[in-house]
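Given next are the chains, with one letter for each unit.
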Amino acid sequence: MEIEKVYEPQRFEPHWAARWVNEEMFRVEAEPGTPYFSLAIPPPNVTGSLHMGHMFEHAIIDALIRWHRMRGERTLWVPGTDHAGIATELMVDRQLQAEEGKSKRDIPREEFLERVWKWKEKNGGRIVEQMKASGVSCDWSRERFTMDPGLSRAVREVFVRLYEKGLIYRGDYMLNWCPRCQTVLSDLEVEHEDKDGSLWHIRYAPGLVVATTRPETMLGDTAVAINPEDPRAATLGGTKVSLPLTDREIPVILDNMAELGFGTGAVKITPAHDPNDFEAGKRHGLASIQVIGEDGKMTAAAGAFAGMERFEARKAVVAKLEELGVLEKIEPHKLSIGQCHRCRTVVEPLVSTQWWMKMKPLAEPAIAAVRDGRITFVPENWGKTYFHWMENIRDWCISRQLWWGHRIPAWHCAACSEVTVAREDPTECCKCGSKDLKQDRDVLDTWFSSGLWPFSTLGWPDETADLKAFYPTSLLVTGFDIIFFWAARMVMFGMEIMGDVPFRQIHIHGLVRDADRQKMSKTKGNVIDPLVLNEKYGTDAVRFALLVSAAPGGDIALSETRIDAERAFANKIWNASRLLFSKPKEGSGAPVSLADRWIAHRLNEAAAAANRCFEQHRYDQTAETLYHFWWGDFCDWYLELKKLDEDWSFAYVVYEQALRLLHPLMPFITEELWQRLELGGKTIAMERYPLGDSAPDPAAEEEMAAVQAIITDARTQRADANVDPKQTVDAILSATGDRLAVAQRNVDAISRLARVKLEFRDEDPYRLKLALKVDRAKVEKEIADLEKIIANSQKQLSNEGFMSKAPQKITDGMRAKQAEYEAQVAKLRTALSE
RNA sequence: GGGCCUGUAGCUCAGUUGGUUAGAGCGCUACCUUGACACGGUAGAGGUCACAGAUUCGAGUUCUGUCAGGCCCA
């Protein structure tokens, strides 16, 4: 069979990607009770497109999934997407703005939601199409979306259950508010960044100076606190001071939140705009005056400053204080600024009524599950991070002031203000029976529905066959950035709702960075688009480059040269196939030469290593092992030697196995080549993965090593003498016994690969002498190097401590090596003396 | 402030329970268009394993400290 000289992945990948999907090759039936491997995809945002992080994560998952499937396990990879509350809402809002000059608040909620759904129908499939094109082996018949009717029912059921259990409640607390997105944010959605700020010292009264980083909030102060131990406590405690810029008097209270000896010793208290002050306000029964509104502008309560944007108000307040002469000093001050993780707007702490989930009772079983090993982390170090967060967990604010998402199933009664929470939409108040009900405006945090993903995708709350067959899932593969957002919450939901872990292992992978180890970001402009790479180098090359770089837990510095190297690897395999396919397939299918026996041994070793590395989540080592097997063993040595044989049938056997070994890492090229063998199977993905459990052949390994050593020796001598590779050189090989026999047996192999015309001499010591001039300087350096090594090992061998304490295996090995070094030196000296 | 991680060849990274000349890819040097492949072949150069100390017969690997860098949480 004649095939093309250069491998062009672009010609084959789309074809196989489509076949795998169209023929539903990875569809799997639920058969409860049979061994399985299942995994739910970390659902990408429906608004997104495939980025390098997805590509990497999917390369890992797909390799594992394909490996398990080829091991004969009932293997399921559930695909799907996330509705991604804020992200999607922002996107559609922006589009509305651009196309019609309207904001979402200008149109009714229902109309806006309709638009989002339309947008989703039209564009939501993009990332899914990209995944399909990249060849991931998901069961597409089970594709889910977090807002599918089934998954929405799961969300509602969980909400109601937890509410009935008292684990979901409503309450007024201080929260992070994004004035841009107009919604509360959970602690996790706020990113802290250290910035240079100022500390303004303001004199509220003689001898009473407070320091603040946010002077504009003083308008909402309702007290000043000093430490009870403060010398001023006796005289000032309980008195009132007049709050500058306002006509209000505020009390001086005693509270040890004012740290003794720190700053001015006095702190202003603004219960409406600072979390600590909010607590202090509750402790002391202080009023709360909101001077900054949800829009980030000063409220009517800010008096003369009302209507100003908050940062403008800051400047105005400072100017006014200066004018009044009560601004004592301004110090530079580093402070940590909270920003909305979506839009980078500085968040404003505000008090509001929100829905909360009690986390302590949910965290306990989740901690236990990891402690006692029902869930393990890979690398296990991440367990520490998990415990640290779980053990200090705080209640989760689950309501968001958005429209796109799962609306909270709670109805407020206009008559008695009772809240009715129900599985079915209620028609009357559960307390007074009034029909005047209004559903809560808010939706749930996106992570609420993704937290249910491992079981909601399998059909829960129905008791489906899928659930019985595939839950708990086997593994979660995800990035460290969403351990808390997602992984931890899935564990809590899984334990609470299913009474069992959602997955047995959590594999945490690193970040894909650019070649200079910089985080990829749109603003830096260093984002690498996987689709461009896939098109340019082939998906297989990109996947392989990612996997071979994926040391556990480590980030990946992705360079195009690395990917190019893997493209060359694919091309190498292609060309090895070209050679093979030019030879007849027919024959015994059994080894006919040393080369055959040796490659069988090496194949077996590579297979054993590949399986072992997969089990240990060392995809990088699996990749490296197979790379060297294919290139180093199969191409460089085996095929070269095989050219001496007539019967190539065994080469086909080895080749076919080697394709299977590589399939999970390079699915496309292996499928294409495997199909060309015309063995009749539907896809290589359904063939069995070689286990590497055949009997080893140490004799073949040893003899081959001897032959390789002779060939390398000859090649080195040729290179040292700068001989044209084509030129055949006369050589004399001196040896006795087995050594001579091996060389004589393999004279054809040696002659061909070393391009020598061999003459044998039955004499000691062993030596291969080519009819060439010796590079004396080089040999002398080699001798010097060896003598250093010999001196070292001599020193150790004569060390009594070493000889008496080191294990026999080591000392024997050292002695053997020592003898080898000495023989080498002797050989080199002989060469020099001629 | 609390916690986690990293420092190995020019670059990007491996290095399993401490053990025999510290590896890979790219880059570099020399020779070669050899009937699969120049996206290739063969041979090679290049490392005081951040620094200091400790444990040990033996440390890139374990421990302590220092320096440098990164990340997470508050």
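Up top is the structure these notes are about.
Residues numbered from 1 in each chain as written. Chains lettered and ligands numbered in written order. Predicted model: local features only at pLDDT ≥ 70, side-chain atom pairs only at ≥ 80, totals over all residues. Heavy atoms only, no water.

A. Region of interest: the packing of aromatic side chains. Scanning the entire structure with this criterion turns up 38 aromatic pairs. Centroid distance phenylalanine 112 to tryptophan 403: 5.7 Å. Interplanar angle 65°. Geometry classified as edge-to-face. One end of the pair, phenylalanine 112, is in helix H4 (residues 109-123); the other, tryptophan 403, is in the loop between strand E17 (399-400) and strand E18 (410-413), with 291 residues separating them in the sequence. Tryptophan 403 shares its class with phenylalanine 112; the two are buried. For the ring pair tryptophan 389 and phenylalanine 484, a centre distance of 4.8 Å and an interplane angle of 20° mean the geometry is stacked. With tryptophan 389 in helix H11 (residues 382-391) and phenylalanine 484 in helix H15 (residues 483-498), this pair connects stretches of sequence that are 95 residues apart. Among the aromatic residues, ring-to-ring pairing joins Phe581, Phe629, Trp630, Phe634, Tyr638, Tyr652 and Tyr655 into one connected group. The ring of tryptophan 140 has lysine 132 lying over it, and the distance from NZ or CZ to the ring centre is 5.0 Å. If you follow arginine 739 out to its NZ or CZ, it ends over the ring of tyrosine 766, 4.0 Å from the centre. (Phe/Tyr/Trp six-rings, centres within 6.5 Å; stacked < 30°, edge-to-face > 60°. Helix = DSSP H or I, 4+ residues; strand = E, 2+ residues; numbered from the N terminus. Buried < 20%, exposed > 50% of the residue type's maximum accessible area, 1.4 Å probe, protein only. Lys NZ or Arg CZ within 6 Å of the ring centre and 35° of its normal.)

B. Main features of helix H1 (residues 9-22). Spanning 14 residues, H1 covers 20 Å between terminal C-alpha atoms, matching the ideal 20 Å at 1.5 Å per step. For H1, every residue scored as buried is listed here: Pro9, Phe12, Glu13, Trp16, Ala17, Trp20 and Val21. All buried residues of H1 fall inside an arc of 155° around its axis, so they share one side. Against the buried residues of H1 lie helix H2 (52-70), helix H5 (126-133), helix H16 (530-537), helix H17 (539-548), helix H18 (560-581) and helix H22 (667-676). Positive phi shows up at glutamate 24, right after H1, with a value of about 50°. (Expected span 1.5 Å × (residues − 1). Arc of directions from axis to C-beta. Contact = heavy atoms within 4.5 Å.)

C. Geometry of the protein's contact with RNA strand B. Lining the immediate surroundings of RNA strand B are 49 residues, of which Arg517, Trp631, Phe802, Lys805 and Tyr821 lie closest. Of everything in RNA strand B that lies within 4 Å of the protein, sugar and phosphate atoms constitute 66%. Going through the elements one at a time, H18, helix H20 (619-642), helix H23 (698-720), helix H26 (776-797), helix H27 (800-805) and helix H28 (808-833) are the ones with two or more residues in the surface near RNA strand B. It is H18 that contributes the most residues to the surface near RNA strand B, 11 residues altogether. (Near = heavy atom within 4 Å.)

D. Looking closely at the sheet that holds strand E12 (residues 266-269). Here 4 strands make up an open sheet; going across it, the order is E10-E11-E9-E12 and the pairing mixed. Strands at the two margins of the open sheet, each flanked by one partner only, are strand E10 (240-242) and E12. Within the sheet, the average angular offset between the axes of one strand and its neighbour, ignoring direction, is 30°. Pairing of E10 with strand E11 (residues 249-254), which is carried by 3 bridges, proceeds in the antiparallel orientation. Within E11, the residue paired with lysine 240 across the bridge is proline 251. (Pairing = 2+ DSSP bridges. Axes fitted to C-alpha atoms, helices over the stretch in contact; angles between N-to-C directions.)

E. The packing of helix H3 (residues 85-100) against H4, seen in detail. For the pair H3 and H4, interaxial distance at closest approach is 10 Å and the crossing angle is 100°. In terms of orientation, H3 lies roughly perpendicular with respect to H4. Residues Thr88, Glu89, Met91, Val92, Asp93, Gln95, Leu96 and Glu100 of H3 form the contact with H4, whose own contacting residues are Phe112, Arg115, Val116 and Trp119. Of the residues belonging to the contact of H3 with H4, the class tally is 6 nonpolar, 2 polar and 4 charged. (Parallel < 35°, antiparallel > 145°, perpendicular 65-115°, else oblique. Nonpolar A, V, L, I, M, F, W, Y, C, P; charged D, E, K, R; others polar.)

F. How the structure looks around unusual backbone geometry. That bond from tryptophan 460 to proline 461 is cis: its omega, 10°, falls within 30 degrees of zero. Along the chain, the position of proline 461 falls in the loop between helix H13 (453-456) and helix H14 (465-470). Put simply, tyrosine 471 and proline 472 share a cis peptide bond, and its omega is -5°. Secondary-structure assignment places proline 472 in the loop between H14 and strand E22 (473-479). Positive phi, close to 60°, is recorded for histidine 617, a residue that is not glycine. Residue placement: histidine 617 occurs in the loop between helix H19 (594-615) and H20.

G. The arrangement of the state of the cysteines in detail. If you walk through the whole model with that rule in mind, you get 0 disulfides. Summary of cysteine pairing: cysteine 340 is not part of a disulfide, and the nearest cysteine sulfur, belonging to cysteine 343, is at 3.7 Å. (Disulfide = S-S within 2.5 Å.)

H. Quick look at the pattern of salt bridges. Applying the stated rule across the entire model yields 56 salt bridges. The residue aspartate 221 makes a salt bridge to lysine 268 at a minimum N-O spacing of 3.0 Å. Taken together, the residues aspartate 221 in the loop between strand E8 (208-212) and strand E9 (223-226) and lysine 268 in strand E12 connect sequence positions 47 residues apart. The two residues aspartate 221 and lysine 268 agree in class, both being buried. As a salt-bridge pair, arginine 602 and glutamate 605 come within 3.4 Å of each other at their nearest N and O atoms. Residue arginine 602 and its partner glutamate 605 are both found in helix H19; the two are separated by 3 residues, about one turn of the helix. (Salt bridge = Lys/Arg side-chain N within 4 Å of Asp/Glu carboxyl O.)

I. Region of the structure containing the environment of valine 443. Relative to the helices and strands, valine 443 resides in strand E21 (residues 443-444). Each C-alpha atom of the pair valine 443 and alanine 610 lies 47 Å from the other, and the pair is 167 residues apart in sequence. In this view, valine 443 contacts Arg109, Ile398, Ser399, Arg400, Leu402, Trp403, Trp404, Gly405, His406, Arg407 and Ile408; residues no more than four positions away in its chain are not counted.

J. Spotlight on the packing of H17 against H22. The interhelical angle for the contact between H17 and H22, taken along N-to-C directions, is 130°, at an axis separation of 7 Å. The angle between the axes of H17 and H22 places the two elements in the oblique class. On H22, the residues that touch Thr539, Asp540 and Arg543 of H17 are Pro667, Phe668 and Ile669. Residues of the contact of H17 with H22, tallied by class, amount to 3 nonpolar, 1 polar and 2 charged.

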